[in-house]
Each structure stands twice: as C-alpha cells, then as structure tokens.
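Each chain, letter by letter, is given below.
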Amino acid sequence: MKNIFLLPVLLFISVTSLFAQKAPQSAEEIMKEAFIAAKNQNKKVMVMFHASWCGWCHKMDTSLNDPSVKKYFDNSFVIRHLVVFESKGKENLENPGALELLSTFNGKDDGIPFWLIFDKDEKFLADSRMKEVSNGVEKLQNTGC
C-alpha cells in the first residue's frame, strides 16, 4: 500500500524537477566559456548586454543574423548575450554578475543593447560607444544597434 502512494509522489517530484526553471549562468561562467571558444577558434569575443523586453536588442540580433553579414560575424566572433535590466517579475532571467561587468566598462547608464569586444586573450578592444560632438563638447554615445 505504501508503494502505491509513494509512486505517484516520486513521479510528481521527478516531473516537476524536469520542468523547474534552471537558474541562468553567471556572467563569469559565460565569459570564461566564450574566451575558451575564442582561443580554440581564433576569434574575438562579442558580448551583448540585453533584456527580453528590449526591441533594439532583438533588432541587433536580427541584424547580426542578416545573410549579408552573418558569415562575417560567425567567422570572426564568439557571440554571447548577458541579460540585464529585466522588467519586474523577470529579474530571474538576469545573469548574475552581468550588471557588475557592464558597470566595469562604464555602460550601466548607456542603455541597451550595449556590446563589448575582446580579443581571444581577453584584452578589451572596443564597445558600442562612438564619439559625438555637440557644441564643441565631445561625449561618448552608445550606438546600441
């Protein structure tokens, strides 16, 4: 009798664990894996900070996959995404440590998408900001997409 009751309980536990939401990888884990792949493939790393609600982020992904440039990006970069600034109730989608990484490269207040490019040896090369001159004042402006 105990076995008859125990079987459905075990079945329920195993099924719910299959569908349980997996915590996102940390930014550190994603970056570590990206640099290993970049070294193995002799590519640069492009990391894009984005969020599920961000229309420009989706547009950037679409642009990277456009047939006219896709081969270039596939051959030149290991591309990874880090989730930041998720909307209320979706904060669980954010990669732990991603906001800190974004802040390290002074991108926290520049909006998303914000991207960084590194060489295969983890040396920072560029970000998505461009110089903008307004009334003789030079400022870095995030180009985003």
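One can find the structure itself at the top, above this paragraph.
This write-up is about the structure you can find in this document. Note that the structure is a prediction, hence the values are computed from the model and not measured. Per chain, the residues get numbers from 1 upward, laid out in the order the sequence is written. Only residues with pLDDT of at least 70 get local features here, since the model is predicted, and only at 80 or more are side-chain atom pairs given and counted; chain-wide, interface and lining totals rely on the full set of residues. Just so you know, side-chain values use all the structure's heavy atoms and leave hydrogens and water out.

Turning our attention to the packing of aromatic side chains. Two aromatic rings from Phe, Tyr or Trp, using only the six-membered ring of Trp, form a pair when their centres are within 6.5 Å; if the ring planes differ by under 30 degrees the pair is stacked, by over 60 it is edge-to-face, and anything between is tilted. For the structure shown, the criterion picks out eight aromatic pairs. With a centroid separation of 5.3 Å and 80° between ring planes, the pair formed by Y72 and F73 is classed as edge-to-face. Type-normalised accessible area, obtained with a 1.4 Å probe on protein chains alone, sets the label of each residue: buried when under 20%, exposed when over 50%, and partly exposed for intermediate values. For F73, a relative accessible area of 17% gives the class buried. Judged by centre distance (5.9 Å) and plane angle (70°), the ring pair of F118 and F124 falls under edge-to-face. In this structure F118 comes out as buried when scored by relative accessible area, which is 5%. Judged by its relative accessible area of 33%, F124 is partly exposed. What links up through ring pairs into an aromatic cluster is the set F35, F105, F118 and F124.

The next subject is helix α2 (residues 27–41). Only DSSP runs of H or I covering at least 4 residues are called helices, and only runs of E covering at least 2 are called strands; the numbering of each starts at the N terminus. A helix is expected to reach a length of 1.5 Å times the quantity of its residues less one. The end-to-end C-alpha distance of α2, which contains 15 residues, comes to 21 Å, matching closely the 21 Å that a straight helix rising 1.5 Å per residue would cover. Two residues qualify as a contact provided that any one of their heavy atoms is within 4.5 Å of a heavy atom in the partner residue. Of the surrounding secondary structure, the elements contacted by the buried residues of α2 are β1 (44–50), β2 (77–83), α5 (98–104) and β3 (114–118). N42 lies just past α2 and shows a positive phi near 55°.

So, about the pattern of salt bridges. Only one rule defines a salt bridge in this text: a Lys or Arg side-chain nitrogen within 4 Å of an Asp or Glu carboxyl oxygen. A full pass over the atoms with the stated rule returns five salt bridges. The salt bridge partner of D74 is K70, with a shortest N-O separation of 3.0 Å. One end of the pair, D74, and the other, K70, are both in helix α4 (residues 70–76), four residues apart, so they sit about a helical turn from each other. Residue class for D74 comes out partly exposed when judged on its relative accessible area of 35%. With relative accessibility at 31%, the residue K70 sits in the partly exposed group. Note that D110 is salt-bridged to R129, the shortest N-O span being 3.3 Å.

Its location among the elements puts D127 in strand β4 (residues 124–127). Whenever two N or O atoms come within 3.5 Å, that pair is a polar contact, provided that in protein one can donate a hydrogen and the other can accept it, and provided that, for residues adjacent in sequence, both atoms are side-chain atoms. Among the polar contacts listed, one links the side chain of D127 to the side chain of R129, at a separation of 2.6 Å. Beyond its immediate stretch of four places on either side in the chain, D127 contacts F114, W115 and L116.

In this description, a disulfide is simply a cysteine sulfur pair whose atoms lie within 2.5 Å. If you walk through the whole model with that rule in mind, you get one disulfide. Between the sulfur atoms of C54 and its disulfide partner C57 the distance amounts to 2.4 Å. In this structure, the disulfide formed by C54 and C57 twists by about 80° around the S-S bond and is classed as right-handed. We note that C54, like C57, is buried.

Another point: the pairing of β3. β3 sits mainly inside the fold: five of its five residues count as buried. With five bridges connecting them, β1 and β3 associate as antiparallel partners. Across the sheet, M48 pairs through a bridge with W115, a residue of β3. In terms of strand pairing, β3 meets β4 through three bridges, oriented antiparallel. From the neighbouring strand, I117 faces β4, where its bridge partner is A126. Two strands form a pair only when DSSP identifies at least two bridges running between them.

By themselves, these are just geometric observations and shouldn't be taken as functional.
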